[in-house]
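# Descriptive structure summary
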Amino acid sequence: MGISFEWNDCQNKLLKNSLDNQYLTQNIVFYTVNLIDFKSSILRNLPAKSQNGLLGKKVFQVGLGAIGGYVADSLIKIGAGIDDEFTIIDNDILSINNIGRHLLGMEYIGKSKSQAFKEYAQKQTFSQLKNLNTNFDNISNYNFQYFVDNPVDLIVDATGSIEVQEYLNELVQQIPLESRPNLLHLWIFGNGECVQGFWCGAKLQNHQGGCIQCLGTSGNGLYENTLPIIGLNEEQRFGACSAFTPYAVSGGMMASSLGINMILEWLETDMVKNNYQTRYNSEYQDKKISDILIVADENCPFCGEKYAKSIRF
């Protein structure tokens, strides 16, 4: 709290008395001064076990759609892009059809989602995100060598695309273990009955395996034991797809919440205990699966060798 006013020291006694009387009748204005510091606001809300959040962590996100918009916004609110680089890529334009379940609103229609999100994020943080980079780009333009030359701590796949899941998984598997990032996939299953997340941890990969392709095959979808919904035919077994499905805005928000909680668990414990997690909407009352740990599967092109070793020993 501060106060300011000017009081002139005049030598002439009559003039000084006149000024004294003038100032005595004026109102004194008090000011409350608040320092607007986005970083401090982030730190005061983080859990004690992960008190620095993503501050000092390099994060790379793919996708700014119905899931990705909420994910990116939430990642910033746990520290991404403040002290270290937060890079987001997306090669889509925000259209009127996106607005019903997207973080961004009508004012950004016609802009690339990457440009629009950067404008939105800088507004929300009083332009204090010095390390936020958004690019109108496709993940196919990035190979494993890019991440060897520009190492990151975490890659977040928020596309809900099988093709992107498999591409990122293959890319990460080629990166040497000492610099291999953690990889988080998030998607909405079916018509929004549930959302799922899969955490491919670099440390787990080294010992037990367990990647997105240990959940199923690109040709037949998820294995029976990993399906979150029972009684599906082969066409419905895919955990993610690029086609339009009629789920509400809650789907993207649920997927984002699940992903952020998995990231906070990693920040607190340096691992994610159950790397395959599912959250159901309140209307789904049929059989559900629990959060489980997925390790190497014999049919996985990347982890099959680890499965074979585990059988031998």
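None of the values given here were measured: they were computed from a predicted structure.

### Considering the overall build of the protein chain
Counting its regular elements, the protein chain contains nine helices and eleven strands. Residues counted as buried form 46% of the 313 residues belonging to the protein chain. For the protein chain, long-range pairs separated by at least 24 residues make up 67% of all intrachain contacts whose partners lie at least 6 apart in sequence. About 16700 Å² of surface is accessible on the protein chain, with carbon and sulfur atoms providing 49% of the total.

### Structural notes on helix 4 (residues 113-124)
In a regular helix each residue adds 1.5 Å, so twelve residues correspond to 16 Å; helix 4 covers 16 Å between its end C-alpha atoms and thus fits that length. Looking at helix 4, one finds that the buried residues are K113, S114, A116, F117, Y120, A121 and Q122. Along its buried surface, helix 4 packs onto helix 3 (68-76), strand 4 (86-90) and strand 5 (132-136). Looking one or two residues past helix 4, F126 carries a phi angle of roughly 55°, positive in sign.

### Some words on the sheet that holds strand 8 (residues 194-200)
An order of 5-4-3-6-7-8-11 is seen for the seven strands of this open sheet, with the pairing classed as mixed. The open sheet is flanked by strand 5 and strand 11 (276-280), the only strands paired with a single partner. Across the sheet, the axes of successive neighbouring strands diverge by a mean angle of 15°, strand direction being ignored. Two strands pair when backbone bridges link them, and strand 3 (residues 59-62) and strand 6 (residues 154-157) are joined in this way by four bridges, in the parallel orientation. Paired with Q61 across the bridge in strand 6 is V156. Running over the sheet, helix 4 touches strand 4 and strand 5 and is turned about 155° from strand 5.

### Focus: the packing of aromatic side chains
One pass over the structure, following the stated rule, counts nine aromatic pairs. Between Y142 and Y146 the ring centres are 4.9 Å apart and the planes differ by 85°, which places this aromatic pair in the edge-to-face class. Residue classification places Y142 among the buried positions, given a relative accessible area of 8%. Residues Y280 and Y284 carry aromatic rings whose centres are separated by 5.0 Å and whose planes lie at 15° to one another, so their mutual orientation is stacked. Y284 shares its class with Y280; the two are buried. An aromatic cluster is defined as three or more aromatic residues linked by ring pairs; in this entry it consists of F60, Y142, Y146 and F147. One residue, R101, lies across the ring of Y247, its end atom 3.7 Å from the ring centre.

### Notes on the packing of helix 3 against helix 4
Interhelical geometry of helix 3 versus helix 4 gives an angle of 35° and a closest axis separation of 11 Å. Classified by chirality, the crossing of helix 4 by helix 3 is right-handed. Judged by residue contacts, G69, A72, D73 and I76 of helix 3 engage F117, Y120 and A121 from helix 4. Partitioned by chemical class, the residues of the contact of helix 3 with helix 4 number five nonpolar, one polar and one charged.

### With respect to the packing of helix 3 against helix 8 (residues 249-269)
As a packed pair, helix 3 and helix 8 sit with axes 8 Å apart at the nearest point and diverge in direction by 35°. Taken as a pair, helix 3 and helix 8 cross one another with a handedness that is right-handed. The residues of helix 8 that touch helix 3, namely those facing Y70, V71, S74 and L75, are V249, G252, M253, S256, I260 and I263. When grouped by side-chain class, the residues that make up the contact of helix 3 with helix 8 number seven nonpolar, three polar and no charged.

### A look at a nonpolar patch on the surface
A surface patch of nonpolar side chains, amounting to about 310 Å² of accessible area, comprises V29, Y31 and V33. Among the residues examined, V29 registers a relative accessible area of 42% and is labelled partly exposed.

Cut-off values and rules
- Sequence order as written defines residue numbering, which begins from 1 separately in each chain.
- Predicted model: local features are reported for residues with pLDDT of at least 70 only, side-chain atom pairs are reported and counted for 80 or more only, and whole-chain, interface and lining totals are derived from all residues.
- Computation of side-chain values: all heavy atoms of the structure, hydrogens and water removed.
- The helix and strand labels rest on DSSP assignments: H or I over at least four residues marks a helix, E over at least two residues marks a strand, and numbering proceeds from the N terminus.
- Burial here depends on accessible area, computed with a 1.4 Å probe over protein chains only, as a share of the maximum for the residue type. Under 20% is buried, over 50% is exposed, and the range in between is partly exposed.
- In what follows, residue pairs with any heavy atoms lying within 4.5 Å of each other are defined as contacts.
- Values of accessible area rely on a 1.4 Å probe in the Shrake-Rupley scheme; residue burial ignores everything except the protein chains shown.
- A helix is expected to span 1.5 Å for every residue after the first.
- Two strands are said to pair when DSSP picks up at least two bridges between them.
- Angles run from 0 to 180 degrees between N-to-C directions of axes, and those axes are lines fitted to C-alpha atoms, restricted for helices to the stretch in contact.
- Only centres within 6.5 Å qualify two rings of Phe, Tyr or Trp (six-membered ring in Trp) as a pair; their planes then separate them into stacked at under 30 degrees, edge-to-face at over 60, and tilted for everything else.
- By definition here, charges over rings are those cases where NZ of Lys or CZ of Arg is within 6 Å of the ring centre and within 35 degrees of the ring normal.
- A clockwise turn of the near helix away from the far one marks a right-handed crossing, whereas an anticlockwise turn of less than a right angle marks a left-handed crossing.
- Three classes are used: nonpolar for Ala, Val, Leu, Ile, Met, Phe, Trp, Tyr, Cys and Pro, charged for Asp, Glu, Lys and Arg, and polar for all others, with Gly counted as polar.
- Candidate patch residues must exceed 30% relative accessible area and have no salt bridge, after which like charges are joined if within 9 Å and Val, Leu, Ile, Met, Phe, Trp or Tyr side chains if within 5 Å.
- Should a side-chain nitrogen of Lys or Arg be within 4 Å of a carboxyl oxygen of Asp or Glu, the pair is scored as a salt bridge.

Any functional reading would require information that these geometric values do not contain.
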